[in-house]
Amino acid sequence: MSTVLVIPSLHPSPEFPELVAQLQASGLSEVLVIDDGSGAAYASVFAAIAARAGCTVLTHEENLGKGAALKTAMRHVLTRPDVTGIVTADSDGQHGTADILRVSQELDEAMQQDERVCVLGVRDFDLPDLPAKSRLGNHLTTGVVKLLLGRNIPDTQTGLRGFSRQLLPELLEVRGTRFEYEMNSLMWMLGHQVRVDEVPIETIYHDQDNSQTHFRPVQDSVRIYGHLFAQAAGFVLTSLLGFVVDVLLFAIIIDSAFNGASHLGAVATATVAARIVSALVNFALNRKLVFQSREKASKALVRYFTLAVGILAASAGLTTVVAWLLQGHVVWAKILVDSCLFAVSYLLQRRWVFAHPRSRTVEH
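Just so it is clear, the model here is predicted, and its values are computed rather than measured.

A.B. asks: Kindly report on the packing of aromatic side chains, identifying the contributing residues and their values.
C.D. replies: Overall, the coordinates contain eight aromatic pairs when judged by the stated rule. Their ring planes at 50° and their centres at 5.2 Å tell us that Phe-235 and Phe-342 sit as a pair that is tilted. In this pair, Phe-235 is assigned in helix H8 (residues 217-258) and Phe-342 in helix H11 (residues 330-353), connecting sequence segments 107 residues apart. Overall, Phe-235 belongs to the buried group, its relative accessible area being 3%. With relative accessibility at 35%, the residue Phe-342 sits in the partly exposed group. Relative to Tyr-346, the ring of Phe-291 has its centre 5.8 Å away and its plane inclined at 35°; by these criteria the two rings are tilted. One end of the pair, Phe-291, is in the loop between helix H9 (264-290) and helix H10 (297-325); the other, Tyr-346, is in helix H11, and 55 residues separate them in sequence. As far as burial versus exposure is concerned, Phe-291 and Tyr-346 are alike and both buried. An aromatic cluster is defined as three or more aromatic residues linked by ring pairs; in this entry it consists of Phe-235, Phe-283, Phe-291, Tyr-304, Phe-305, Phe-342, Tyr-346 and Phe-354.

A.B. asks: Describe the sheet that holds strand E2 (residues 31-36), with residues and values.
C.D. replies: One open sheet holds the seven strands; their spatial order is E3-E2-E1-E4-E6-E5-E7, and the pairing between them is mixed. Edge positions in the sheet fall to strand E3 (55-60) and strand E7 (195-200), since each of these pairs with one other strand and no more. Strand-to-strand, the axes of this sheet are offset by a mean angle of 20°, without reference to chain direction. In this sheet, E3 lies alongside E2 in parallel orientation, the contact comprising six bridges. Pairing of Ile-34 across the sheet is with Leu-58, part of E3. The strands touched by helix H1 (residues 16-26) are strand E1 (3-9), E2 and E3; relative to E1, the strand with the most contacts, the crossing angle is about 165°. Seen against the sheet, helix H2 (residues 43-50) touches E1, E2 and E3 and runs at an angle of roughly 145° to E3.

A.B. asks: Break down the pairing of E7 for me, citing the residues and quoting the values.
C.D. replies: Counting buried positions over the six residues of E7 gives five, a clear majority of the element. As paired elements, strand E5 (residues 117-122) and E7 share six bridges and run parallel to each other. Within E7, the position partnered with Gly-121 by the bridge is Val-199.

A.B. asks: Could you give me a rundown of the side chain of Asp-36, with the residues and numbers involved?
C.D. replies: Looking at the secondary structure, you find Asp-36 in strand E2. Buried within the structure, Asp-36 lacks any salt-bridge partner; its nearest side chain of opposite charge belongs to Arg-178, at an N-O separation of 5.4 Å. A polar contact of 2.9 Å, which involves the side chain of Asp-36, links it to the backbone nitrogen of Leu-64. Looking at Asp-36, its side chain comes within polar contact range of the main-chain nitrogen of Gly-65, at 2.9 Å.

A.B. asks: Could you give me a rundown of H1, with the residues and numbers involved?
C.D. replies: Buried residues of H1: Phe-16, Pro-17, Leu-19, Val-20, Ala-21, Leu-23 and Gln-24, and no others. Looking at the buried residues of H1, the elements they touch are E1, E2, H2, E3 and helix H4 (97-111). Phi turns positive one or two residues past the end of H1, at Gly-27, with a value near 125°.

Rules behind the numbers
- Residues numbered from 1 in each chain as written.
- Predicted model: local features only at pLDDT ≥ 70, side-chain atom pairs only at ≥ 80, totals over all residues.
- Heavy atoms only, no water.
- Phe/Tyr/Trp six-rings, centres within 6.5 Å; stacked < 30°, edge-to-face > 60°.
- Helix = DSSP H or I, 4+ residues; strand = E, 2+ residues; numbered from the N terminus.
- Buried < 20%, exposed > 50% of the residue type's maximum accessible area, 1.4 Å probe, protein only.
- Pairing = 2+ DSSP bridges.
- Axes fitted to C-alpha atoms, helices over the stretch in contact; angles between N-to-C directions.
- Contact = heavy atoms within 4.5 Å.
- Lys, Arg positive; Asp, Glu negative; His and termini not counted.
- Salt bridge = Lys/Arg side-chain N within 4 Å of Asp/Glu carboxyl O.
- Polar contact = N/O pair within 3.5 Å; in protein donor to acceptor, adjacent residues only side chain to side chain.

Written out as structure tokens, the structure is:
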């Protein structure tokens, strides 16, 4: 089995070649470095690495972002049938040699059991004296992942990750070219039946400001959460479309089949028929466009209609209770309850109807 160490780099320190030498001496003999547009001022640093046996340097003429650098490495690795997996690490010294080896060894062991596997090297963000922006940013994304997918990942932004070769073609399709790519790929793996293991690693920061990072708190945070916001917006749009289909079909059935009659039989028949069709439209759009599920449609459809019935029952029951608490304001109660249930429906569709993460935590 052959695992390649991948290191994306932008404006590395003069000590970077020595770090690569230490990694090779520890047993990580093959190293692939991506110069992500560092420029002529850093050419000597990358030349020193390229001169080492077992080292390859690929160069972006301009800065394209960490995600783009990782994808360049994946494309290169896929041209080599002898490579079974990759381990990605940062070039700023935040990942110790022992930890990189640990992730590599864990990946080799995991690949003997699963073809689609990722190993995360996770840091402890509850330790004292960590940079405030790193602690806050990680706790925020950890909470988002737990809320949306039900998995508590203590370090969602770790750059130390191991991937089996079978994952690389699919990871190339994940959106993102900069720091958001790592978050997008993690969310994608957790939602697409990829085994995700965790191994604890040392938490290393050079100073309280984490000055060596190229992470831009505002711009990159917007990129990281942009995909999640876009997905939520898509869910809202498909729901609105389902509502329009429901109303239009109801009107068509009432007019064409019952000549505009308003008796109970006509209304009930039109309501049920329109709701079934609009639900099927909503299911298809959410499955393909919003959550991009690959599971067999029939299984997800059973869960979808189970959820729909549950939401309908909850709406009726909770509206009754809230209306009583609001002293008979049933319309406002309905608006309040259904707004909350709309958010619940989104979370349950993401975590249950259209996603079945197959992952576990491994610690040694």
